[in-house]
Structure formats: structure tokens, C-alpha cells
Amino acid sequence: MSLQRTSCAGVRRASFAATVDGRPAAVTVGIVDFTSSGQAAAFKAIADTPGGGGILDVATETGQWNGEVPRFENAAYQSKLDGASVRVVQAVWLTGPSTSDDPALTRAAQGALDQPVS
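Residues numbered from 1 in each chain as written. Predicted model: local features only at pLDDT ≥ 70, side-chain atom pairs only at ≥ 80, totals over all residues. Heavy atoms only, no water.

Asks: Just give me the short version of the packing of aromatic side chains, but keep the residues and values in it.
Replies: This model, assessed by the stated rule, comprises one aromatic pair. Aromatic side chains F34 and F43 sit 5.3 Å apart centroid to centroid with 45° between the ring planes, which places their arrangement in the tilted category. Using a relative accessible area of 9% as the deciding quantity, one classes F43 as buried. A cation sits over an aromatic face here: R23 above W93, 3.9 Å from the ring centre. (Phe/Tyr/Trp six-rings, centres within 6.5 Å; stacked < 30°, edge-to-face > 60°. Buried < 20%, exposed > 50% of the residue type's maximum accessible area, 1.4 Å probe, protein only. Lys NZ or Arg CZ within 6 Å of the ring centre and 35° of its normal.)

Asks: Explain the nonpolar core to me, and be specific about the residues and the numbers.
Replies: In this structure, V20, V27, V29, V89, A91, W93 and L105 are the most contacted members of the largest nonpolar core, which totals 17 residues. Looking at this core, the elements that each hand over two or more residues are β1 (10–20), β2 (23–33), β4 (85–93) and α3 (103–112). Looking at which element gives the most residues to this core, the answer is α3, with five residues. Beyond its immediate sequence surroundings of up to four residues, V29 is in contact with R12, R13, A14, F16, R87, V88, V89, A112 and V117. (Core = buried A, V, L, I, M, F, W, Y, C linked by side-chain atoms within 4.5 Å. Helix = DSSP H or I, 4+ residues; strand = E, 2+ residues; numbered from the N terminus. Contact = heavy atoms within 4.5 Å.)

Asks: An account of the layout of surface pockets is needed here, citing residue identities and associated values.
Replies: Here the largest pocket defines a volume of roughly 280 Å³. Lining the largest pocket are 17 residues, with G51, G53, A75, Y77 and Q90 positioned closest to its centre. Counted by class, the lining of the largest pocket contains six nonpolar, eight polar and three charged residues. (1 Å grid on protein atoms, 1.4 Å probe; cavity = no way out; pocket = protein on both sides within 12 Å on 5 of 7 lines; lining within 4 Å. Points joined across faces, edges and corners; volume = space filled by probe spheres on them. Nonpolar A, V, L, I, M, F, W, Y, C, P; charged D, E, K, R; others polar.)

Shown next, in the form of C-alpha cells:
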């Protein structure tokens, strides 16, 4: 299942600058709403698979980052299924390399799983 083959009911996105262990980080959040929990679960399974795809960062897309634009390659990743919605979160360092298993970035991504997004 992909958004190209199955339409979703809506997508909400947000971008956050954060300080994690004294270092500047960027966090991007995408919430994808579906018409059924089954569709959401299938989407999450694909999104959780390396190479399964991701959500384009809204601040990057709209030119809203101040300074250098973060690259979400090698980002720490977290996701959460909530009924018929899936929240996908990625976190990277604004300066220096990021790795998907960085404990501090993983904490930042986990923290964004419950941040309000309108």
C-alpha cells in the first residue's frame, strides 16, 4: 500500500527546531489519516520498512527553515498508529552527520510522537 495507490483522507505536517543534549536538531512530523484502521496499519507497516518512503518536510518544502536547510537522510525515525491515523517522525542534527540509531535523535523523535499538530 502506498499513497500513490491508496488515497488517504488527509495529511498534516509540522516541522520543529529543537535542542537535544545541547545540540540543534530538526524534527519533521507527518500525520496521515485514512478512512479505516486497516489502511492505516498497512501504511505504517510499509512506512516502518527501510526504503518504504517518507513524508516531505513541510518547512523544507515551503522555505521556512532559518539558515541551513536540514537533510532528513539518516534520520532517527519513529511512528505511531492511532486508530485510522499514522504519525511518522524523523529527527536529524542541524549541524554534523546524523545516524538513524543516534540515541539523542531517537529521544527527540519519540518526544514528537505526542506533540500537537494542527
